[in-house]
Structures are given as structure tokens and as C-alpha cells.
Amino acid sequence: MVCAGGMWRARRAAVACEVCQSLVKHSSGVQRNLPLQKLHLVSRSIYRSHHPALKLQRPQLRTSLQQFSSLTSLSLHKLKLSPVKYGYQPRRNFWPARLAARLLKLRYIILGSAVGGGYTAKKTFDEWKDMIPDLSDYKWIVPDFIWEIDEYIDLEKIRKALPTSEDLASLAPDLDKITESLSLLKDFFTSGSPGETAFRAKDHGSESDKHYRKVSDKEKIDQLQEELLHTQLKYQRILERLEKENKELRKLVLQKDDKGIHHRKLKKSLIDMYSEVLDVLSDYDASYNTQDHLPRVVVVGDQSAGKTSVLEMIAQARIFPRGSGEMMTRSPVKVTLSEGPHHVALFKDSSREFDLTKEEDLAALRHEIELRMRKNVKEGCTVSPETISLNVKGPGLQRMVLVDLPGVINTVTSGMAPDTKETIFSISKAYMQNPNAIILCIQDGSVDAERSIVTDLVSQMDPHGRRTIFVLTKVDLAEKNVASPSRIQQIIEGKLFPMKALGYFAVVTGKGNSSESIEAIREYEEEFFQNSKLLKTSMLKAHQVTTRNLSLAVSDCFWKMVRESVEQQADSFKATRFNLETEWKNNYPRLRELDRNELFEKAKNEILDEVISLSQVTPKHWEEILQQSLWERVSTHVIENIYLPAAQTMNSGTFNTTVDIKLKQWTDKQLPNKAVEVAWETLQEEFSRFMTEPKGKEHDDIFDKLKEAVKEESIKRHKWNDFAEDSLRVIQHNALEDRSISDKQQWDAAIYFMEEALQARLKDTENAIENMIGPDWKKRWMYWKNRTQEQCVHNETKNELEKMLKCNEEHPAYLASDEITTVRKNLESRGVEVDPSLIKDTWHQVYRRHFLKTALNHCNLCRRGFYYYQRHFIDSELECNDVVLFWRIQRMLAITANTLRQQLTNTEVRRLEKNVKEVLEDFAEDGEKKVKLLTGKRVQLAEDLKKVREIQEKLDAFIEALHQEK
């Protein structure tokens, strides 16, 4: 019976080996046909999780654990022995027989273990070979001889050299002969019934073997789980060590500048080229609705969920500002990760490099990002849709473009704008609705899943989960605080959310200390997952943990999507360019395609040329317009406040004294300031004339708004020199004190100047009287106009006052009270009721006209009075002191105009030119100003055409570089 049992066991072992061998062949055949063998391990995991058809090719953990066992992989059924039909034999305690039986049984176990162990070793070798990632992407870094090792070491040959189940079976002894010899030996030594002894021995061995197998199976499973976990972690550490070594190698390679690494330079700058394409697209279409469908990684999550920490782990530097419970990400931040010899960061619009290995540079970078965010946020808002572009370079960084968005909030707190929640949602949707955007959904694992807001938003934008990667942060806190560990598994697998994802990951972002370094966080993360129950209990797989695996997975998905979509976008922009070029040819066939910046440069040159033309104005023209403008400004004061009060005096001495006093007061208080105002207004008028007058056929009205804005801003900024008034006051005072008229020509010029001034005042006075009394008889008869009742009263009063002046032509300027009473009574006698104030108002105009006519007659008399002037009017009844007054005013105007002209041409024109240049430089840096001042269909069409061409050129260059990389 023992012999039969041994044969049965040997045959069963052989059959098991054949079955295992067939499974090995089948498994290896499937793996050779899989298209994913060339992908990275993490990429295969994501790809298989997304394609259900391939899930059967990945064995579960418990099954893989069984592959490491020996004979325990076989099904353990209870042995069924046929009943013994032999008679009873007395039991004999013969120890050599029992010892031989035990030794033979031990040999079978050893042989079976050898067979199973050989199969297991071969299986493990094949599986580990498949687990090794494809390092072809890093082949340009590792020396060529490394990749030629496979030419010298044939791994396939080694695998085939391992013993198969047939080879192991051939090494085993002939079980039939051994069984027969054992039977003879037992028959020789046993004195009792051989059947009974065999039955008892077999029965006892069966029970002990059953108990032994129970215990050993459980222990082996636990032991193999521990060994598998340690093996996976050891493999992770090996990869990390290799990557660290490769970082240094990359750094050395990238620092070289010889012709032999042109391909490597191209590979290094590939992500930078792609980032430039995205920047141009952002300027062309800031809404991300139509044209911009190129991939980028959009990082979304609830506020304080750990988005920034995950990005910093991927970028390997603490680059973002932090705040305890405060919203720090106030605008989108586009981070372009690329390889480089040094770990540095720089902004798109700045040349300064921040060394990320120095803490002071990291602090300065965080401060700069915070300042840019606050600058982008407009007054009355909390967040802004304007994007901050940041490039981060360093050895070993995964090449991709990430966009960090403001955290999604549920409630608007105090200090926030009322529309903050809606604005964040709109910004997030604008980025996520791009069909090629990879959504990196960050979920805080330390809070209840039901409190998450972002998962609903992500499920709306990507309902099938074809471009979403789910990341659970703070897993260490979750494992510590969550009572049911299976809840974490449900979160990872998306069973608690109405969303699907391409891949699920769990990461640890540190112990919550903002001063922790990236290396410290990485070590803490590795240590946590090494001891975590989540891995030991198979709730999480090794490829689903750590930010390193996450960055590898995201980078693979990113470049896969880039390759699939970039050529389609290039074709789309080719069609757009053709349409825009056709529209321009039809609408503006004779004009160059100048965009807004080029038009601004053209307008800038024209404006500067017009400012320079101010210096070409002749001195005579400046003095004429300055003298005329100044007299128009001061003529009223001279006539009304100086000349008329002095002319009403009784003698020449009083006249001259009154004139000198009033001229001194005027010069000290008002005249210099009025002169400077006149000069500044004259400069503005001339500048405006040069800026706005048409230039003939070459005049382009598209610049009119810009020129007007530049003129107004320049004039607003320009301030006249404060010292000009003081020097001008002295010059004017000296000019007004001079009374010596040198020749007859100056005398005649003064008389002419006086007559013009008096005639202008007389004309104004007659117009005032006409408005007061109404139209005369000619206008009433010819134009059918009538006087009003008030005008009739004024007319009657005027007639009565003119009668009084005819009686006394030397009447003083003021009416006496008895004269007012006489006039009023005379009017009442004719039925005209008048008020004394009306009589005074009418007298002022009537006497003013009478005085001005008298003064003009006196001017005619003074034309031949230069001779008497030279004799100081001695023994002459003719006195022309008023002519001398106007000569003094005229000479002061000429000297003031000459002084102002010198100051204009020597100083103020240059200062104005400087102000214009500053204004143009400010406008050149202000994009909104240029958009506001340079408008029209022509400008917009040229702008679109230039941007589309730039986008297409960058896309073509990127596609070419992408093909060369392949």
C-alpha cells in the first residue's frame, strides 16, 4: 500500500510540473504579444486599468504570491484511501523499517520541492524581467556600451538554460522501482500483518501531514507577502539610486557643448518649444474655447487639499508661497518642467534665474510669485484668470507642462469678493474643458470624501475618466485617523465618488511642516509606504504610491496626448492662416500687414519727428505768437485797471504817478505768472498743431487717437521751470520803468498800437450798447426786428445821457446824484419809468464810448507830437503821456516775448520731447493702452494673422523636433 501511495504521489507531482510548464509557456507567449512591453511599468498599469480587456493579463497579488511557493501551489485535497481487505496483523515495533520509510518520504519532499523551486525560479525570472521598465527614453544619457551588454549576455539563452519540468522529472529516480524495493524491505522487517501496519502508518502520517500543510501554507503565504513587498520596495530603491546617478550623469552631459550631442540638446529643449507654443496660444485665445486644444496638465482640487505640495514634489523644490488656511493661489501658474544641468527657475518675461538649491533664492522666488499674483488681481476681486508663466529646469525632472489653479471653495469667507466661488469655477472649467487637458484631481485623504467639491466638477468635465488622474494626498493622516482601512481603498478606486479616472495614486506630502525639505518629505513618504498596512494588505499596489511614480505616469500620459493632438492642431492653424491671408488681400491689397506693435512703432517715430519739428519754428514766429497771445491775455487789465483810471486824472503828473504805481503792482503779482501761462499754452497749441494737422495722402487716421492721448499725457506731465517767473519779473520791471522813446518810428508804432487797442475796446463798447438798446431803425426796417420794453427804456436813457455829454464834453467819469435825479425826472416827464441803477449802467457804456472816441482823436493829434515829447512837453498844450504808456507796454511785451522764446527753444521744447518719449515708453509697455488706442478691423486682422503665423511656425518646429526625437 505504501508503494502504491508513493507512486501516486510521484505521478501527481509530474502532472503538476507539466501543467505548470504549460502555464509558463502560455504566459510567456501572451507577454511577447503585448504591445505594452516597451512602456514604462507605471504606464502599463494606467493603460491596463483603462482597458478592461487587458486586466486578465495582470495577475492579482494573491495569485502572484502563490507563484513564489513550491508545491503549495497545487490544490491540497484530502487523500482518499481504498479500504484494506487484509486481515489483522500483529503490530511489531521494528525501528529500521520506520526509519527507512521516513527517509524515503523526506526524499520525495526534497525532490518535489526541487521541481517546484526550479519552476518558481524560472517564473520569477520571467516576471522580474517584465517588471524592469523600458529605459529607452534615457538611452541618450547612459553610455552606449551599457546598451550593448545584451549582445554579450544572452538573457533569453539563460532563461532557456533553466531546467524545465521534463528535465526535473528525468532527474528524479524511478518511482516504480523505489516503491517495489520499499515494499520488499517492509515485508522483510515486519512480523505482523503488512496490511495493518501499512494502514496504521499511512493513517498516522496522513493526519500529521494535513496539520503540517495547514500551518506551512499560511506561514508561507505570509512570508511570501512580506518577501514580495520588500522586493518591490527594494526595486523602488534601486530605481531611485539609478535615477540619482543618472541625474549627475545628465548634468555632466548637458554641460558639454560639443557637436556630438546635438540630438541631446534638441531633446532638452523640446518641452521649452512646446511651452512657447502654449504661451503664444494663450495670447491669441485667452478663453481656451476653440483654438487652444493642446495638452497640458491641469491641477485642480479643493482648497488646502495639497495641490501645491504635489507640484512642489514633482518640481523637486518649494517654489510656491504658503499660508496657514489662507488662499495663496490667486491666479493660474503655468509651470514648465524640463531637464537642465542646474536646478533653476525663471519667469517667462524675466531673465533672472533663481537657484533652487539656495534657500534665499527660493524665498525670493516665492515672494515674486506672490507679488505677481496680487498684481494680476484687480481691485475688488480675490482671484484673477491671468496666467503666470514659470520655467523650472533641473537634472532628472520629468518634461511636462502643469497649470496650478486656485483651490475650489465651498463658502465665500470674509475678505473675499462675493463672486470668488463662481470665478474659481469658471477658471477651472475654462482649463478643464480643453479635450486634451490631463486633469490631475487632488483629493485630501485626511477629510471625509463627502466634503469634496472638486470631484463633481471633474466628473462633469470628464464623465468617462479618459483624461483624469486621481491623487489622494495625506494618506499617512488618513491611515492614522480612518477607522476602516477599506474606506481608503474605496476612495482610491473611485467607489465613493461619481467619477472615473485613468489612474489612481496615493501620496504623502510631508508632516505638515512648511520648513521640510523635498528630500526629507521623500524619505518620509518612502518610509511610510514601506511600513504601511495599505501595501501589506494589498489595498494599494506598489506602482500606485509615491509622487515619483505619479510624475512618471503623468509625464507618459502627457507626451502620449501631445503626440496624438499636436499635428491635428497644426493643420487647423494652417487653414486659419489661409483664411486670414485671403481676407487681408481682398480688403487691404496695398498695405503691409502691420500688427499693433509695428503700428505703434510707426506712430512713435511720427510723433517724435513732429516734436523735433518744434525746434525748427523760426524765432520771429515764436515772438509774434507769444506777443499777440500775451497782449490778448493782459489787454483788459491794462485798459480797464491802468489806462482808464489814470486818464481820468486832471494833470500829467497825477497820470504818470498812477500809472507807475499800478504797473509796479501788476508786475509784482500777476504779470510774470500770466506770461508763463501764455508761453505754456502757446507751446501746447503749436505742439497740437503739428500733431493733428493732416500730412496729405500719407496721413493715416488710425494714429489719431494715439497721438491725441500722447499729447494730453505729455502736457499733463510737463511743468514749466519754477525759476522762470523770478527772472522774468526782473526783466519786465526794468522794461516798464523805461520811458525813453529813441526815435520817431517807435513813437509812431506806439500810436498805432494805442489806436488798435482803443478801437478794439470801442468796438466792444458799441456792441454792448447795441445789445442794451436793441436794433437801430435800419435793422428794424430791413430785418423786421423790434426792441423789447427794457431795450426801449435803455434807449431813452441813452439819448438823455448823450444830451448831457454834448453840453459838457469834459464831464468826469462819474454822475453826481443830482444829475441822476435830473435824468430820471426828465424821463418820467416823457412817461418812462427808470431806476437809478439802470441810469448808472447806461452811463458807464455811454461815457466809455465818449472817452474812447476822445482818446482816438487825441492819438491823431499826438502823431506830430514827438518833437514836443523830446522837449518834455515844455511850453506846449499837447501832452501825450498815454502814448508813452502804450509804448512802455508794447516794449514790455516785445522783451517778454523774446525772453519766453529763448526759454522755449533752449529748455522747454527739449523737456517736452523728453516727456513725450517717456509717455511713449509707458504706452509701449502697456498692452491695454495699445489695444485701446490702436483699434479697427485692419489692426485686429493684422494682429490675428501675425499670431497665427507665429503659432504655425512654432508648431511646425515642434513637430519636426518631435519626429527627430522618435
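Above this text sits the structure in question.
Quick look at the structure, then. Treat the numbers as computed from the prediction; the structure is a model and nothing was measured. (Residues numbered from 1 in each chain as written. Predicted model: local features only at pLDDT ≥ 70, side-chain atom pairs only at ≥ 80, totals over all residues. Heavy atoms only, no water.)

Attention shifts here to the overall build of the chain. Along the backbone of the chain there are 36 helices and nine strands. Residue burial in the chain is summarised as follows: out of 966 residues, 46% are buried. Within the chain, residue pairs in contact and separated by at least 24 positions form 81% of the contacts whose partners lie at least 6 positions apart. Accessible area of the chain: about 52300 Å², with a carbon and sulfur share of 52%. (Helix = DSSP H or I, 4+ residues; strand = E, 2+ residues; numbered from the N terminus. Buried < 20%, exposed > 50% of the residue type's maximum accessible area, 1.4 Å probe, protein only. Contact = heavy atoms within 4.5 Å. Areas by Shrake-Rupley, 256 points an atom, 1.4 Å probe, with all protein chains shown as cover.)

Turning our attention to the packing of helix H23 (residues 619–647) against helix H32 (residues 836–862). If you want to describe how two helices pack, look at the angle between their axes and the distance between the axes. Relative to each other, H23 and H32 sit at 80°, their axes nearing to 12 Å. In terms of orientation, H23 lies roughly perpendicular with respect to H32. Two secondary-structure elements touch here, H23 through Glu640, Tyr643, Leu644 and Ala647 and H32 through Arg848, Phe851 and Ala855. When the residues that make up the contact of H23 with H32 are grouped by side-chain class, the tally is five nonpolar, no polar and two charged. (Axes fitted to C-alpha atoms, helices over the stretch in contact; angles between N-to-C directions. Parallel < 35°, antiparallel > 145°, perpendicular 65-115°, else oblique. Nonpolar A, V, L, I, M, F, W, Y, C, P; charged D, E, K, R; others polar.)

On to unusual backbone geometry. For Lys474, which is not glycine, the phi torsion reads 55° and is therefore positive. Inspection of the secondary structure puts Lys474 in the loop between strand E8 (468–473) and helix H17 (475–481). For Thr546, which is not glycine, the phi dihedral falls at a positive 75°. Looking at the element boundaries, Thr546 is found in the loop between helix H20 (533–536) and helix H21 (547–587).

With respect to the helices, strands and loops of the structure, Phe958 is situated in helix H36 (residues 937–965). Taking the C-alpha atoms as reference, Phe958 lies 9.7 Å from Glu567; in sequence the two are 391 residues apart. Setting aside anything within four residues of it in sequence, one finds Phe958 in contact with Leu270, Met273, Tyr274, Trp559, Val562 and Val566.

A surface patch of nonpolar side chains, amounting to about 620 Å² of accessible area, comprises Trp777, Trp781, Met782 and Tyr783. Residue position: Trp781 is located in helix H29 (residues 777–782). (Patch = residues over 30% accessible without salt bridge, like charges linked within 9 Å, V, L, I, M, F, W, Y side chains within 5 Å. Salt bridge = Lys/Arg side-chain N within 4 Å of Asp/Glu carboxyl O.)

Another aspect to go through is helix H13 (residues 307–315). For the α-helix, the turn length of 3.6 residues means that residues three or four positions removed from each other point alike. The buried count for H13 comes to nine of nine residues, which makes it a mostly enclosed element. Within H13, the full set of buried residues consists of Lys307, Thr308, Ser309, Val310, Leu311, Glu312, Met313, Ile314 and Ala315. Backbone geometry just downstream of H13 places Gln316 in the positive-phi region, at approximately 65°.

Going through the model one piece at a time under the given rule, you end up with 39 salt bridges. Notably, a salt bridge pairs Glu681 with Arg633, separated by 2.5 Å at the nearest N-O pair. Separated by 48 residues along the polypeptide, Glu681 in helix H25 (residues 671–692) and Arg633 in helix H23 bring together distant segments of the chain. Members of the salt-bridge network, linked through shared partners, are Arg577, Glu581, Glu593 and Arg949.

For strand E5 (residues 388–393), the tally of buried residues reaches five of six residues, placing the bulk of the element in the interior. Bridge count between strand E2 (residues 333–338) and E5: six bridges; the pairing is parallel. By the bridge assignment, Thr336 is partnered in E5 with Asn391. Two elements, strand E3 (residues 344–347) and E5, share four bridges in a ladder whose sense is antiparallel. Paired with Val344 across the two strands is Lys393, which belongs to E5. (Pairing = 2+ DSSP bridges.)

Okay, the sheet that holds strand E9 (residues 503–506) next. Sheet strands pair by backbone hydrogen bonding; their relative direction is either parallel or antiparallel. Strand order in this open sheet of nine strands is E4-E3-E5-E2-E6-E1-E7-E8-E9, and the pairing throughout is mixed. Both outer strands of the open sheet, strand E4 (354–355) and E9, are each paired with one neighbouring strand and no more. The strands touched by helix H16 (residues 454–461) are strand E1 (297–301), strand E7 (438–444) and E8; relative to E7, the strand with the most contacts, the crossing angle is about 160°.

Turning next to the state of the cysteines. Taken as a whole and assessed by the stated rule, the structure comprises one disulfide. A sulfur-sulfur separation of 2.0 Å characterises the disulfide bridge that pairs Cys862 with Cys880. When the S-S torsion is -100°, as for the bridge of Cys862 with Cys880, the disulfide is left-handed. With Cys862 in helix H32 and Cys880 in the loop between helix H33 (866–870) and helix H34 (881–925), this residue pair connects regions lying 18 residues apart in the sequence. (Disulfide = S-S within 2.5 Å.)

Turning our attention to helix H14 (residues 359–376). Relative to the 26 Å expected for 18 residues at 1.5 Å per residue, H14 spans 26 Å between its end C-alpha atoms, a close match to the ideal helical length. Residues of H14 that are buried: Asp361, Leu362, Leu365, Arg366, Ile369, Arg372, Met373 and Asn376. Down the axis of H14, the smallest arc covering the buried residues is 140°, so these residues share one side. Facing away from the buried side of H14 by more than 90 degrees, the exposed set consists of Glu359, Glu360 and Lys375. (Expected span 1.5 Å × (residues − 1). Arc of directions from axis to C-beta.)

Their axes nearest at 9 Å, the elements helix H26 (residues 704–717) and H34 cross at an angle of 125°. In terms of axis orientation, H26 runs oblique to H34. For the pair H26 and H34, the crossing hand works out as right-handed. Residues Leu706, Ala709, Val710, Glu713, Ser714 and Arg717 of H26 touch H34, and the partners they reach there are Leu912, Asn915, Val916, Glu918, Val919, Leu920, Asp922 and Phe923. (Left-handed = near helix turned anticlockwise from the far one by under 90°.)

Here we come to the nonpolar core. Core analysis: the biggest nonpolar cluster contains 101 residues, and Tyr643, Trp666, Leu683, Trp747, Ile889 and Val916 have the highest contact counts within it. Counting residues per element, this core draws most heavily on H34, which supplies 17 residues. Ranked by size, the runner-up nonpolar core spans 69 residues in total, among them Met273, Ala553, Val562 and Leu955. (Core = buried A, V, L, I, M, F, W, Y, C linked by side-chain atoms within 4.5 Å.)

Its location among the elements puts Cys792 in helix H30 (residues 789–807). Taking the relative accessible area as the measure of exposure, Cys792 reaches 32% and is therefore partly exposed. Between the C-alpha atom of Cys792 and that of Gly774, which follows or precedes it by 18 residues, the distance is 7.7 Å.

To continue, consider a positive patch on the surface. On the surface, a cluster of positive charge is made up of Lys705, Lys716, Lys929 and Lys932. Of all elements in the fold, only H26 and helix H35 (927–933) reach the threshold of two or more residues within the positive patch. Relative to the helices and strands, Lys932 is located in helix H35. (Lys, Arg positive; Asp, Glu negative; His and termini not counted. Charge placed at Lys NZ, Arg CZ, Asp CG, Glu CD.)

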